[in-house]
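Here is what each chain is made of, one letter per residue.
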Amino acid sequence: MKKIRVILSGGGTGGHIYPAVATAEALVRQLGPEGVELLFVGAEGKMEMEKVPALGYKIVGLPVAGLQRKLTLSNLALPFKLLRSMIKARRTVRQFRPDVAIGFGGYASGPILKAAQKMGIPTVLQEQNSFAGVTNKLLAKRAKQICVAYEGMEPFFPAERITLTGNPLRGSFGAEVDHAEALAHFGLSADKPVILLVGGSLGSRTLNEAVKAHLERIVAEGKVQLIWQNGKYYDSEMAAFCEGKDMTGVWRGAFINRMDYAYEAASLVISRSGACSVSELCLVGKPTLFVPSPNVAEDHQTHNAMALVRKGAAEIVADREAVGQVFAVAEHLVANPERLAELSRNIRTLAIDDSADRVAKIALDIVKEKVK
């Protein structure tokens, strides 16, 4: 049987890379390792050039770069980088001869998907956010299908080519975990509610400052416990801040190596609202208080969070108000079991646990239709 060749492209952040990797894993599940040949395309110097090969996949890097918000010399070089990227993208498509190309957003996917479209290769887009990114909007006109994670994406894409698939995620989020074991992992007790605060792999300045502002009061009052993931970037600073302080009922670290335990232990999650974080929280069905990052294109984290808030599936605090207010709101919520149960029920209804398989099947169906 002829191997099906698939290009997968998206990069710059984990929010673009890991849905692509999850879809690659789904393609291998559906076709077997002998039935599919995969090639990732990313941006030179970005995290995908390290992460993707580490997972055993081939990747080609393009010299494409994103537009900086400030006026910089690097912006002047963008047209030349784009031209070089388009030349390399066309050469890559010509050499690899894909049957289909799947784009996951981010500027890295623009040149390769555009080249594929111009050369008659069918393309599929996967949009993670509730407010579509620039690259996917530009590519949508000639895409065969657009896979989305939120309803109401018709203002951005042709309605007849939209399919609700959710966001492809890696790993399993439905496994049963013992609650007592989860609490013990973080050194916490069963007699008080637990707030899980996650700032992402690098960390969140706002969320960390909120903890600093309220930590001594939280410990002194002893009404709630805290799992505090402060991120790699801020770890030494937060460790120094905590030096010599009473940390009873508080676990702090740069990373959480057992997120299944963290979710099981948590009564409420405080989180940014990146696309993959939102989808993961839907799958685990955890009551969530979102603090959207303002430092993202087109404020898409606020759009993501509000898509859930409007359905009664989450609460929100603006970043500019978070240091002063987020723990007051969180502590009010954990004192209200009925509201927590309502949030949990509502967020769980938004979960799609087979997103990667859905995206993979759409791409493969297009290939089958093409060879008829």
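Look up a bit, the structure's there.
Okay, so let's go over this structure. Please read these numbers as outputs of a predicted model, since none were measured by experiment. (Residues numbered from 1 in each chain as written. Predicted model: local features only at pLDDT ≥ 70, side-chain atom pairs only at ≥ 80, totals over all residues. Heavy atoms only, no water.)

**Some points on the packing of aromatic side chains**
The geometry of two aromatic rings is summed up by the distance between their centres and the angle between their planes. What the rule picks out here adds up to five aromatic pairs. Ring geometry for Phe 186 against Trp 251: centres 5.3 Å apart, planes inclined by 85°, an arrangement best described as edge-to-face. Residue Phe 186 is located in the loop between α7 (179-185) and β8 (194-198), and its partner Trp 251 is located in strand β10 (residues 250-253); the two are separated by 65 residues in the primary sequence. By relative accessible area, Phe 186 is classed as buried at 6%. (Phe/Tyr/Trp six-rings, centres within 6.5 Å; stacked < 30°, edge-to-face > 60°. Helix = DSSP H or I, 4+ residues; strand = E, 2+ residues; numbered from the N terminus. Buried < 20%, exposed > 50% of the residue type's maximum accessible area, 1.4 Å probe, protein only.)

**Concerning the layout of surface pockets**
Over the atoms, a rolling probe the size of a water molecule traces out where space has been left empty. In this model, the second largest pocket occupies a volume close to 440 Å³. Counting only elements with at least two residues in the lining of the second largest pocket, the list comes to α11 (275-284) and α12 (300-309). The leading source of residues in the lining of the second largest pocket is α11, at four residues. (1 Å grid on protein atoms, 1.4 Å probe; cavity = no way out; pocket = protein on both sides within 12 Å on 5 of 7 lines; lining within 4 Å. Points joined across faces, edges and corners; volume = space filled by probe spheres on them.)

**Quick look at the side chain of Lys 286**
With respect to the helices and strands, the residue Lys 286 is situated in the loop between α11 and β12 (288-290). The buried charged residue Lys 286 lacks any salt bridge, with Glu 264 as its nearest oppositely charged partner at 5.7 Å. Side-chain polar atoms of Lys 286 contact the backbone oxygen of Tyr 263, separated by 3.0 Å. Lys 286 has contacts with Tyr 263, Glu 264, Ala 266, Val 269, Leu 281 and Ile 347, leaving out every residue within four places of it along the chain. (Lys, Arg positive; Asp, Glu negative; His and termini not counted. Salt bridge = Lys/Arg side-chain N within 4 Å of Asp/Glu carboxyl O. Polar contact = N/O pair within 3.5 Å; in protein donor to acceptor, adjacent residues only side chain to side chain. Contact = heavy atoms within 4.5 Å.)

**Observations regarding the nonpolar core**
Nonpolar side chains in soluble globular proteins tend to be buried together. By size, the foremost hydrophobic cluster in this structure holds 57 residues, and its most contacted members are Ile 7, Ile 112, Phe 157, Leu 196, Ile 227 and Leu 308. In terms of nonpolar packing, the next biggest core, distinct from the first, is built from 29 residues, Ile 17, Val 52, Ile 366 and Val 367 among them. (Core = buried A, V, L, I, M, F, W, Y, C linked by side-chain atoms within 4.5 Å.)

**Some words on the sheet that holds β8**
Taken together, six strands build an open sheet; the order of strands is β10-β9-β8-β11-β12-β13 and the sheet is parallel. One side of each edge strand has no neighbouring strand; the edge strands of this open sheet are β10 and β13 (315-316). (Pairing = 2+ DSSP bridges.)

**Quick look at the sheet that holds strand β2 (residues 36-43)**
Across the sheet, seven strands lie side by side as β3-β2-β1-β4-β5-β6-β7; this open sheet has parallel pairing. Both edges of this open sheet fall to β3 (59-62) and β7 (162-164), since each of them pairs with a single strand only. Neighbour to neighbour, the strand axes of the sheet diverge by 20° on average, direction disregarded. (Axes fitted to C-alpha atoms, helices over the stretch in contact; angles between N-to-C directions.)

**Thoughts on the environment of Val 334**
Relative to the assigned elements, Val 334 resides in helix α13 (residues 319-334). For Val 334, a relative accessible area of 10% gives the class buried. Here the alpha-carbon distance between Val 334 and Val 224, two residues 110 residues apart in the chain, equals 8.4 Å. With residues near it in sequence (within four places) discarded, Val 334 still touches Pro 193, Ile 195, Val 224, Ser 267, Leu 268 and Leu 340.

**Some words on the pattern of salt bridges**
Between side chains of opposite charge, a pair can form when the charged atoms approach closely. Evaluation of the coordinates by the stated rule reveals 21 salt bridges. Of the charged contacts in the structure, one is a salt bridge between Asp 99 and Lys 2, with a shortest N-O distance of 3.2 Å. Taken as a pair, Asp 99 in the loop between α4 (78-96) and β4 (100-103) and Lys 2 in the segment before β1 (4-9) lie far apart in primary sequence, 97 residues in all. Notably, a salt bridge pairs Lys 212 with Glu 237, separated by 3.7 Å at the nearest N-O pair. With Lys 212 in helix α8 (residues 205-221) and Glu 237 in helix α9 (residues 235-242), this residue pair connects regions lying 25 residues apart in the sequence. Residue classification places Glu 237 among the partly exposed residues on the basis of a relative accessible area of 30%. Via salt bridges that share partners, Arg 205, Glu 209, Lys 212 and Glu 237 belong to a single interconnected network.

**Overview of the packing of α8 against α13**
For the pair α8 and α13, the least separation of the axes is 8 Å and the interaxial angle reads 35°. Crossing of α8 over α13 shows right-handed handedness. Counted together, Thr 206, Glu 209, Ala 210, Val 211, Ala 213, His 214, Arg 217, Ile 218 and Glu 221 of α8 and Asp 319, Ala 322, Val 323, Gly 324, Val 326, Phe 327 and Glu 331 of α13 form the full contact between these two elements. Partitioned by chemical class, the residues of the contact of α8 with α13 number eight nonpolar, three polar and five charged. (Left-handed = near helix turned anticlockwise from the far one by under 90°. Nonpolar A, V, L, I, M, F, W, Y, C, P; charged D, E, K, R; others polar.)

**Section: the side chain of Glu 280**
Examined against the element boundaries, Glu 280 turns out to sit in helix α11. Despite its burial, Glu 280 pairs with no opposite charge, the nearest such side chain being Arg 170 at 11 Å. A polar contact of 2.6 Å, which involves the side chain of Glu 280, links it to the side chain of Tyr 263.

Nothing here speaks to function; it is all geometry.
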